[in-house]
Amino acid sequence: MPPTHTVEGLQAARAIRDEHGAAIGIVLLSQFVETRHAVDLLADGAGGLGYLLKDRILDPAELTDAIRRVGNGGSAIDPIVIEQLLKRRQTDSPLAALTDREREVLAGMAEGRSNQSIAAKLHISDKTVEACTGRIFTKLGLEPGPDDHRRIRAVLTYLHATTNH
Amino acid sequence: MKPTARLPWLLVPAAITWAWLATRQQQRADRPWTFLVSDVVPGLVLIAAGLTIWSRRPQNRCWWLLVAAGFAWYVGDFLQSTNDDVVLGAFAFGGWYGLFVGWAVLAFPNGRLQHRHDRVLVVTLFALLAGRSVSRLFLHVPPDVAGYGVQNRFLPITDDRWWRMVEGVFARAYVAAMVGVLMSVAHRWIRSSRPGRRMLSAALFAATALAAAVAYEYATGWNAELPGATGLRIFYVVWWAYAAMAFALAVGLLRVRRTRSAVVDLVAELGHDAPPARLGDALARALGDASLTLLPWSAAAGRYVDDRARPVELPVDQPNRAVTRIERRGEPIAALVHDIALREDPGLINAVVAAVRLTIDNEQLQAEIETQLAEVAASRARIVAAGDAERRRIERDLHDGAQQRLVTIALALRLAETRLDGDASPGVRGVLSQAVKDLSEAIVELRDLARGIHPAILSESGLCAALESLVGRSPLPVRLDIVLPDEPPSAIAAAAYFAVSEALTNVVKHANADDVTVRVIANDAVIRIEVTDDGDGGADTHAGSGLRGVADRVASVGGTLRLHSPAASGTRVEVELPCVSP
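Keep in mind it's a predicted model, so treat the numbers as computed, not measured.

1. Describing the pattern of salt bridges
Point 1. In total, this model carries 25 salt bridges over all chains according to the counting rule given.
Point 2. We note a salt bridge from lysine 139 of chain A to glutamate 102 of chain A, for which the minimum N-O separation is 2.8 Å. With lysine 139 of chain A in helix α7 (residues 126-140) and glutamate 102 of chain A in helix α5 (residues 100-111), this residue pair connects regions lying 37 residues apart in the sequence.
Point 3. One salt bridge connects arginine 393 of chain B with aspartate 397 of chain B, and the closest N-O pair in it is separated by 2.7 Å.

Here's what the structure looks like:
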C-alpha cells in the first residue's frame, strides 16, 4: 500500500484498532502473509480481526465466511500462516504427539474457524471435532475455552512460541 | 664475455708449465719432497688467487698483481739450472714477487693505491729490488755465496765490499718497507669503521704475514742462500706464510662479494612491505654500519625526510661520512648516509642502491595495488547495492502492477461467472472457472518469484522476521536459533538473508537431509551464520553458481563464506559478516 509500499496496511489496522477498539472488525488482505504479522495483529487480545492473502477474494464463499466470523467478533487467519507454524519443528515438540486428524482440526482452530466450520471443511461431524479439540488441548497443555477467538489466540501464541525457541 | 676477456685463462697452462719447469730445476738439486711441495705451492696459490679474483671481479687490478707475484715466485728456482746465464738471471731477479705482493696488499680491496705514502712504498720496493738486481748483475759476488756457481761476467770487479754493502742496505730497507706496508694497512684498519675493518682484515692479515715472513727471512738468513738445515726451515716458514697470505687476499675479496649478496638476500627477504625505517635498519645490520640511515625522498615536500617524515639536510663535507643518492629515471627516491669505508667497494654500494630501489619500487607498487583494490572493493559494493535497489524496485513493480492486475482480472472473471445466470452453456462456465484457477496459480507463482527477487518482509520487518518467514516457507523442518540485538545495515542484512536462502535451497535440492539448523549469532562487530544439515555432503562452491554468487555478495560487504562439506557427513555453510557496512 502507498506511500512506502510496505506495512502501511498493518499500521492502519492497528490505528483503527487503537481508536475504535473491537467495535470495528478488520479484515486485512495482503500480498504476502507473514506469521510474525499475524501474531502481532492478534497480540492485543480482542477479536474481530482477519488476516488473509489478497487472492482469497477469488473464493467468495470462503471470503464471506471469514468476514462473517470477523463481524461476529471472531478471527480469520490465512491457512498459509497456520501451515507454516505447524510445519516447523514437529519432531521434538508436543505437536509431534498429534494425529493427522488432530493436526487438521488444530489448523482449523488456528485459522479462527468455529467447530461447525471445521467440521464442514473436513467433512466430519461436530462431535468428532469437539472430541478432537479436547484431546488437542490436553496434549498441548492448554486451557480449553468456549470463546473461538481466545482459543485461536492461545493456539497461535503456543505455536509461535514453540516454533521459535 | 668478449674473446679477449677469456685470455687470462691461458695463464693456467702457462702457470702449470712454469711451475713444472721450476720444480724440474729443484729436482736436479736432489731436494726432499717436502721442499718441492713447499716451493711449488705458494706460487700456484698466488696465481690461483689472482685468477679467482679476475673471474669474479675482472676490473679489480689486484688480480694481475697476484698472478705476476706467482710467476715471479718461481724465478729463484732456476738457480739450479745448468745454464750459467739462467743461473745469473735467477740470482739477480729472484725476489721480485715481494713487490707485487706488497703492492696487492696496499691496493686491497679495490686494486687502487689510495694514499700517497702507499705509492711511495711501492716505488721504494721497486727501487730496492731494482738496485739489488743491478748489484747482483754487475758487482762482484763473494765466493761464499756463490755456491750456485754465480759469477759476474759483465764487470771485472774483484772487491766484494760493494756487493755486500748493497745487499746489507737492501735487507734492512726491504724489511723496513714491508713493515711500512703493514703499518699503512694497520693505519687504514684502525681509522675504519666496522664495515671497513671487516673488509680490510684480510689485507691486515696478509700484510702482517708478509712483514713477519720478510723480517724473519732477512733477520735470520739474508745471506743464507746456501740451504743448510736452518736455510730449509727459513724456506718453509716464509713460503707457507706467502701461500697463506695469497689465500687470505682472495678470500677477503670474495667475502666482500658475499656481503653484497647478503645485502640482496636480505632485501629480498624483507619483502615488499618493508617501511623505509625497517629497510634502513636491516641495511645497517647487513653492512655492519650502525650509523647508516636511509632517508626517503618526499615528493610532496621536495626534500629528503627522516623516518618521522621530518625534512632533513643531507650531511656534506663530514669526515668519514658519505652520501649515496638513489634515483630512478632521474627522480630521487632516497638517500643513503653511511660510513665512507663502504665506498671502497663500489659494487657493494651498487648492490645496495639496486636493492633499495627495488624495495621502494615494490612498496610503491604495493600502495598502488592497495588503492586500486580498495576502489574495486568499493565499486563492487556499489554494484551489489545498486543490484539490490533494482531488485526492490522490480519486486515493488510486480507487487503494484502485474499482481494487482491479475487479481483484478481474476475477480472480473469470477464476477462474469456469477452473472451468467444459468443462460450460458456449461462450457463457458467451465472455461471461466478454469481461467480463475489458472490465474490463482499464476498469482502464487508470481508471488514466489517476487519474494525470490527481494523479500518484502526484509525491508519491512528486518532480518529476524525475514529469516523466520524464510524458514517457515521451507518444505523441510528447520531449527532456527537467532540472536540479533540490532538490525544490521540493509546490504549486510540482504547478504545474510540470501546466504541462508541459498543454503536452504541447496539443502532441499541436494542434501537429502532430515535435520537442518540455521544459527545466527551477532555481537557488536560481527554476525556469524551457520546453516548445518545432516545430509549427503559433498557440496562445492564451484559446482553451482548459487553459493558462488552468495560468496561474492558476502565478500562485497567485507564478509567471508566457508563451506565444510565432506562426502556423506553433512554440510555446514559458515558466513561471517561485519556489522557495519564497509
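2. Some remarks on helix α5 (residues 97-107) of chain B
Point 1. Within α5 of chain B, ten of the eleven residues are buried, which leaves it mostly tucked inside the rest of the structure.
Point 2. All buried positions along α5 of chain B are accounted for by Tyr97, Gly98, Leu99, Phe100, Val101, Gly102, Ala104, Val105, Leu106 and Ala107 of chain B.

3. Quick notes on the packing of aromatic side chains
Residues and elements named next belong to chain B.
Point 1. According to the stated counting rule, one finds 14 aromatic pairs over all chains in the structure shown.
Point 2. Seen from their ring centres, tryptophan 73 and tryptophan 239 are 6.0 Å apart, and the 70 degrees between their planes marks the pair as edge-to-face. Of this pair, tryptophan 73 sits in helix α3 (residues 62-73) while tryptophan 239 sits in helix α9 (residues 229-270), and the two are 166 residues apart along the sequence.
Point 3. By relative accessible area, tryptophan 73 is classed as buried at 5%.
Point 4. Site record: aromatic cluster; members linked through ring pairs are Phe35, Trp73, Tyr97, Trp239 and Tyr242.

4. Here we look at the interface of chain A and chain B
Point 1. With 23 residues of chain A at the interface, the matching set in chain B holds 34 residues.
Point 2. Regarding the contact of chain A and chain B, the summed buried area is about 2600 Å², with carbon and sulfur atoms giving 54% of it.
Point 3. Counting the surface chain A buries against chain B, the share from its top three residues, Gln31, Phe32 and Leu58 of chain A, is 27%.
Point 4. Where chain A meets chain B, there are two salt bridges.
Point 5. Here arginine 451 of chain B makes a salt bridge to glutamate 34 of chain A, at a shortest N to O gap of 3.0 Å.
Point 6. Our count for the contact surface shared by chain A and chain B stands at eight residue pairs in polar contact (both at pLDDT 80 or more).
Point 7. Here the residues of the side of chain A that touches chain B are counted per class, giving seven nonpolar, eight polar and eight charged.

5. What to know about the sheet that holds strand β6 (residues 516-522) of chain B
Backbone hydrogen bonds are what pair the strands of a sheet, in a parallel or an antiparallel way.
All names here are of chain B.
Point 1. Overall, mixed pairing links the five strands, which are arranged β5-β6-β7-β9-β8 in an open sheet. Taken across any chain shown, the strands that pair with only one partner, and hence form the sheet edges, are β5 (478-483) and β8 (560-564). Neighbour-to-neighbour, the strand axes of the sheet open up by a mean angle of 10 degrees, direction not taken into account.
Point 2. In this structure, β5 lies alongside β6, joined through six bridges in parallel fashion. By the bridge assignment for β6, aspartate 481 is matched with arginine 519.
Point 3. Most of the contacts of helix α13 (residues 456-473) go to β5, to which it runs at about 175 degrees, and overall it touches β5 and β6.
Point 4. Here helix α14 (residues 490-511) sits on the sheet in contact with β5, β6, β7 (526-533) and β9 (571-578), set at roughly 5 degrees to β7.

6. Re the side chain of glutamate 574 of chain B
All names here are of chain B.
Point 1. Among the secondary structure elements, glutamate 574 is positioned in strand β9.
Point 2. Classification of glutamate 574 as buried rests on a relative accessible area of 15%.
Point 3. Separated by 2.7 Å, the side chains of glutamate 574 and arginine 572 make a polar contact.
Point 4. Leave out the neighbours within four places in its chain, and glutamate 574 touches Ile529, Glu530, Thr560, Leu561, Arg562 and His564.

7. Some words on the packing of α5 of chain A against α7 of chain A
Residue and element names in this part refer to chain A.
Point 1. Remark: α5 packs on α7, axes separated minimally by 9 Å, with the N-to-C direction vectors making an angle of 90 degrees. When the axes of α5 and α7 are compared, the pair comes out roughly perpendicular. Packed against α5, whose contacting residues are Arg101, Glu102, Val105, Leu106 and Met109, the element α7 presents Val129, Cys132, Thr133, Arg135, Ile136, Phe137, Lys139 and Leu140 at the interface.
Point 2. Its residues placed into classes, the contact of α5 with α7 shows eight nonpolar, one polar and four charged.

8. Notes on the environment of alanine 555 of chain B
Residue and element names in this part refer to chain B.
Point 1. Mapped onto the elements of the fold, alanine 555 is located in helix α15 (residues 545-556).
Point 2. Classification of alanine 555 as partly exposed rests on a relative accessible area of 26%.
Point 3. For the pair alanine 555 and leucine 577, spaced 22 residues apart in sequence, the C-alpha separation works out to 8.6 Å.

9. Here we look at helix α1 (residues 11-28) of chain B
All names here are of chain B.
Point 1. Compared with an ideal rise of 1.5 Å per residue, which puts 18 residues at 26 Å, α1 spans 26 Å between its outermost C-alpha atoms and is within 8% of the ideal.
Point 2. Of all the positions in α1, only Ala15, Ala19, Ala22, Thr23, Gln25 and Gln26 are classed as buried. Along the long axis of α1, the arc covered by the buried residues comes to 150 degrees, so they all point the same way. Exposed residues pointing more than 90 degrees away from the buried face of α1 are listed as Ile16 and Trp20.
Point 3. Taken together, the buried residues of α1 touch α2 (33-56) and α3.
Point 4. With its phi angle positive at about 60 degrees, aspartate 30 sits one or two positions after the end of α1.

Conventions adopted
- Residues numbered from 1 in each chain as written.
- Chains lettered and ligands numbered in written order.
- Predicted model: local features only at pLDDT ≥ 70, side-chain atom pairs only at ≥ 80, totals over all residues.
- Heavy atoms only, no water.
- Salt bridge = Lys/Arg side-chain N within 4 Å of Asp/Glu carboxyl O.
- Helix = DSSP H or I, 4+ residues; strand = E, 2+ residues; numbered from the N terminus.
- Buried < 20%, exposed > 50% of the residue type's maximum accessible area, 1.4 Å probe, protein only.
- Phe/Tyr/Trp six-rings, centres within 6.5 Å; stacked < 30°, edge-to-face > 60°.
- Contact = heavy atoms within 4.5 Å.
- Buried area = accessible area lost by both parts, 1.4 Å probe.
- Polar contact = N/O pair within 3.5 Å; in protein donor to acceptor, adjacent residues only side chain to side chain.
- Nonpolar A, V, L, I, M, F, W, Y, C, P; charged D, E, K, R; others polar.
- Pairing = 2+ DSSP bridges.
- Axes fitted to C-alpha atoms, helices over the stretch in contact; angles between N-to-C directions.
- Parallel < 35°, antiparallel > 145°, perpendicular 65-115°, else oblique.
- Expected span 1.5 Å × (residues − 1).
- Arc of directions from axis to C-beta.

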